[in-house]
Structure formats: C-alpha cells, structure tokens
Amino acid sequence: MKDNYLVKAYCMHETVRIYAAITTGIVKTNQERFNLYPTSCAALGRTLTMAAIMSCTYKSNDSLNIYVKGDGPIGKITVEATNGNVRGYCENPGILLLDKDGRQNLSFGVGNGEITVVKDLHLRQPFSGSSEIISGEIAKDFTYYFTKSEQIPSAVGLSEVFNNDDTASIKVAGGFLVQVMPGCKEEDLVKLETKLSHMKPLSEMLTLGYSALDIINEITDGDYIELEERELTTNCPCNKERFQRGLLTLKKADLLEILEQDKKAEITCNFCNKKYLFDENDLKELIEAKN
Ligand code: ZN
C-alpha cells in the first residue's frame, strides 16, 4: 500500500478545496532518523504532514518554513517543505507525555508560544505570518493560523496511530486541509461545517485504514471532483560539500585549534541526523584552502 501521497479535490461547486494526505512513511522515517519518543513524534509528525500539504497548495518550486515555537519540553519544531518534499526536526526528540486517557499530551508537550510560517513564493520578499499556539495539538493551531494570519477559513485534521509494540512505532499517519475560497455560498458553508463536526475523527479514519480519497469522501459525503494525486517525500539534500563550505567560514586559527585538539570534526545535519566526518587530512586541506 502507498504510504506517502496526497489527493487534491474540489467540492461545493469548486468553492472549497480539499487536500488529504497519507504520510505514514514520512513520519516513520523521521521517527527512525531521530529516535523520536511518541509525543515528540506526534508533534513533529503532524507539523511535517501540515508542511507537506501546504507545499502542495503552492506552485512547484515555492518553498515554506514552519516554526512551532512553544515553551513545552518538546522545544522548537522546525520544518521545511518544497513541492511535496518535507524535512524537519524538534529540539527534544525524547518526550513521552500521556494525558489521563492515555493520549499523547501535546498541549503540555508543545506548550504556549507562536507558530510562524515563512513562504518563499519567489516574489520580491518572502511572506511571513504568525499566530498564537492555541492548543498545542497542531491541527487546531493551524486552523487558527489560516483564519487569523492568511484570512482563509479552513479546517485542518492531523493525526497518527502508533503500533502497540515496545518502540511505539508509527502505524499510520495523515492529515487533511479544507479551505473555503471566496464565492462559497452560505448554505454550502453550513453544509460543510455540519459535515466536519459530525464526521468520524481523523484518528478513527486512519485506524480503519482509510485512503486519502476515503477521507475526502467522508468529508464531502461523496460529492467531490478529484483533481490530482501526487507523491510526498522526505529527502534531505545535505552533502559533505555543503558542510565543508560551512567549515570554511571559520577562522584559520579555529580550524588549526580543531586540528590540534580533536584531529577531526564531526558535523550532524539537523534535518536528517546524518553525520559527516572531517578527518585530519580533510582538516589540513581546509586549512590549506584558507591560505
Ligand atoms: Zn541532512
């Protein structure tokens, strides 16, 4: 079964756009990359899913960055996305916090603070919008963000289901974004709102193995026009040369100090946790290049 894809559809006489995504593979890959504990995994996973969906609402080479800056133990969440490819990390991957019903306590884990979205749509200046974190559950926070900062009435669902194994690995993850465009009739809006408040919770749809199209079907009662289906990915384009350029911005004296004291430099990519080793010879070459 496909585990990273998005379906885009219209409903309500093409005045409402719906994006539904299954992101199980993306969340699982990041859970393994960073050894994420469940609460950290839920917070980062939902933000990754949101970013992947949002990147599919723009033109193909437009990019966006999302920063969820809460004061909870998970710390700051940073996510980047372009054209359905997404990567990101959170400050503290080792958080497990359950509420009294045994659910991930994201409200406490994320805490209070602000969401900031920076979009580079290749206009003169990047767009930047912020809104307050109102719940920490991420989906509600983005619903609020779209309405408050982008003035687009929206509904967002983001969820995940964990396996009942020792490592609480991800079983399934996904999300949806519903956006109301100008021109939507009041009666259609009421119909949509009624449907959204009475439908199955997303976590239940994911548990039941719903596909992206099944989710759209549930939201619209089958009254939709499918526009496209596309793949989502979580690749990191980092490489040794990129970090080498970073090392070259250090002063020669600092490079000499690293060479003398440690004989090597190990740099970890924040976005994918991959480690790059610069050994004695690499460091000597860099120092040589500074001459
Ligand atoms: Zn990387």
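In this report, the structure presented in the accompanying data block is examined. These numbers come from a predicted model, not from an experiment.

Points about a negative patch on the surface
On the surface, D254, E257, E260 and D262 cluster together into a negatively charged patch. Looking at the element boundaries, E257 is found in helix α9 (residues 252-261). Overall, E257 belongs to the partly exposed group, its relative accessible area being 42%.

Things to note about the coordination of the zinc ion
Around the zinc ion, the donor atoms from the protein are C236 (SG), C238 (SG), C269 (SG) and C272 (SG), and they sit 2.2 to 2.3 Å away. For the zinc ion, the four donor atoms in the first shell make angles of 102 to 113° at the metal, so the coordination geometry reads as tetrahedral. Considered as a linear motif, the donors of the zinc ion on their single chain read C-x1-C-x30-C-x2-C. Of this pair, C236 sits in the loop between β10 (224-231) and α8 (240-247) while C272 sits in the loop between β11 (265-268) and β12 (275-278), and the two are 36 residues apart along the sequence. Note on C272: relative accessible area 11%, which makes it buried.

Points about the side chain of K119
Checked against the element boundaries, K119 lands in strand β6 (residues 113-120). A distance of 3.2 Å separates polar atoms of two side chains, one belonging to K119 and the other to E150. Sequence-distant contacts of K119, defined by excluding residues within four places in its chain, comprise Y58, S63, L64, P126, F127 and E150.

Re the sheet that holds strand β7 (residues 127-132)
On the basis of which strands lie adjacent, the open sheet formed by five strands has the order β5-β4-β3-β6-β7 and antiparallel pairing. The sheet is open, and its two borders are formed by β5 (85-90) and β7, each paired with just one other strand. Strand-to-strand, the axes of this sheet are offset by a mean angle of 10°, without reference to chain direction. Bridge count for strand β4 (residues 77-82) against β5 is six bridges, and the pairing is antiparallel. Bridging across to β5, A81 finds its partner in V86.

Calculation criteria
Each chain has its residues counted from 1, running along the sequence as written. Reporting in this predicted model follows two pLDDT cut-offs: at least 70 for local features of residues, and 80 or more for side-chain atom pairs to be given and counted; totals over whole chains, interfaces and linings ignore these cut-offs and use all residues. Derived side-chain values reflect all non-hydrogen atoms in the structure, with water molecules and hydrogen atoms excluded from consideration. Each patch is built from salt-bridge-free residues with over 30% relative accessible area, joining like charges within 9 Å and nonpolar side chains (Val, Leu, Ile, Met, Phe, Trp, Tyr) within 5 Å. The accessible surface values rely on the Shrake-Rupley method and a 1.4 Å probe; as for residues, cover is taken only from the protein chains in view. Here a salt bridge means any side-chain nitrogen of Lys or Arg lying within 4 Å of a carboxyl oxygen belonging to Asp or Glu. Charge counting follows a simple rule: Lys and Arg are positive, Asp and Glu are negative, and His as well as the terminal groups are ignored. Charged groups are reduced to one reference atom each: NZ for lysine, CZ for arginine, CG for aspartic acid, CD for glutamic acid. Segments assigned H or I by DSSP are reported as helices when at least four residues long, segments assigned E as strands when at least two residues long, and all are numbered from the N terminus. Working definition: with a 1.4 Å probe on protein chains only, accessible area under 20% of the residue-type maximum means buried, over 50% means exposed, and in between means partly exposed. A donor here means any N, O or S atom no more than 2.8 Å from the metal (3.2 Å for Na, K and Ca); water is not included, so a site may seem to lack partners. In this scheme the shape depends on donor count and angles: four donors with every angle between 85 and 135 degrees give tetrahedral, four or six donors with opposite pairs above 155 degrees and others between 65 and 115 give square planar or octahedral in turn, and any other case is irregular. We call two N or O atoms a polar contact when they sit within 3.5 Å, provided that within protein one can donate a hydrogen and the other can accept it, with sequence-adjacent residues counted only if both atoms are side-chain atoms. By definition, residues are in contact when any of their heavy atoms lie within 4.5 Å. Two strands are said to pair when DSSP picks up at least two bridges between them. For helices, the axis comes from a line fit to the C-alpha atoms of the stretch in contact; other axes are also lines fit to C-alpha atoms, and the angle between any two N-to-C directions lies between 0 and 180 degrees.

Take it as geometry only, folks, not as evidence of what the structure does.
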